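Summary of the model geometry
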Amino acid sequence: MRTKKWNVEIVITESDRTTQAEARLRGRNAELYVGQGTAHRNRTDPDIPHIGDELAVARALSGVSHELLQEVAEEIETRTGEHEGRPRKS
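Throughout what follows, the structure given in this document is the object of discussion. (Residues numbered from 1 in each chain as written. Predicted model: local features only at pLDDT ≥ 70, side-chain atom pairs only at ≥ 80, totals over all residues. Heavy atoms only, no water.)

This brings us to a nonpolar patch on the surface. On the surface, V8, I10, I12 and L61 cluster together into a nonpolar patch covering about 300 Å² of accessible area. Per element, the largest residue contribution to the nonpolar patch is three residues, and it comes from strand 1 (residues 7-15). Among the structural elements, V8 can be located in strand 1. When its relative accessible area of 47% is taken as the criterion, V8 is described as partly exposed. (Patch = residues over 30% accessible without salt bridge, like charges linked within 9 Å, V, L, I, M, F, W, Y side chains within 5 Å. Areas by Shrake-Rupley, 256 points an atom, 1.4 Å probe, with all protein chains shown as cover. Salt bridge = Lys/Arg side-chain N within 4 Å of Asp/Glu carboxyl O. Helix = DSSP H or I, 4+ residues; strand = E, 2+ residues; numbered from the N terminus. Buried < 20%, exposed > 50% of the residue type's maximum accessible area, 1.4 Å probe, protein only.)

Here it is, written out as structure tokens:
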């Protein structure tokens, strides 16, 4: 059995009612995948910072996921000559 390690770094920035997150995934051979996520709090919403953090981070990780899936689909197509579209979720 082989074990591989990929690292994700997430930076969260809060400003007034906006929370922004950037997720950076280091893959094999040190490729970098980056996703951005933003959450906005309505003036009438209670100030519960962790909700904005979680929403912005989820959106940033989703961006990383989409970028990685796109790269995999392109590599499959390059290697097989067949258009696979987006790989299925497991």
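That shown, we press on.
Strand order across the open sheet formed by three strands is 1-2-3, with antiparallel pairing between neighbours. Of all strands in the sheet, those bounded by a partner on one side alone are strand 1 and strand 3 (32-40). With direction set aside, neighbouring strand axes in the sheet form an average angle of 15°. In terms of strand pairing, strand 1 meets strand 2 (residues 18-26) through nine bridges, oriented antiparallel. From the neighbouring strand, I10 faces strand 2, where its bridge partner is A23. Sheet strands in contact with helix 1 (residues 49-80) are strand 1, strand 2 and strand 3, and its direction is about 145° off that of strand 3. (Pairing = 2+ DSSP bridges. Axes fitted to C-alpha atoms, helices over the stretch in contact; angles between N-to-C directions. Contact = heavy atoms within 4.5 Å.)

Mapped onto the fold, T19 is located in strand 2. If sequence neighbours within four positions are ignored, T19 has contacts with I12, T13, E14, G37, T38, A39, G52, D53 and A56.

For the rest of this paragraph, the subject is the pattern of salt bridges. Under the defined criterion, the tally for this structure stands at four salt bridges. A salt bridge links R17 to D16; its shortest N-O distance comes to 3.5 Å. Relative accessible area serves as the criterion here: at 70%, D16 is assigned to the exposed category. A salt bridge links D47 to R41; the nearest nitrogen and oxygen atoms lie 3.8 Å apart. Taking relative accessible area as the criterion, D47 reaches 56% and is therefore assigned exposed.

Among the nonpolar cores identified, the biggest contains nine residues, and these are A21, A23, L25, Y33, A39, A56, V57, A60 and V64. Secondary-structure elements contributing two or more residues to this core are strand 2, strand 3 and helix 1. Here this core gets four residues from one element, more than from any other, and that element is helix 1. In this view, A60 contacts A21, E22, A23, G35, Q36 and G37; residues no more than four positions away in its chain are not counted. (Core = buried A, V, L, I, M, F, W, Y, C linked by side-chain atoms within 4.5 Å.)

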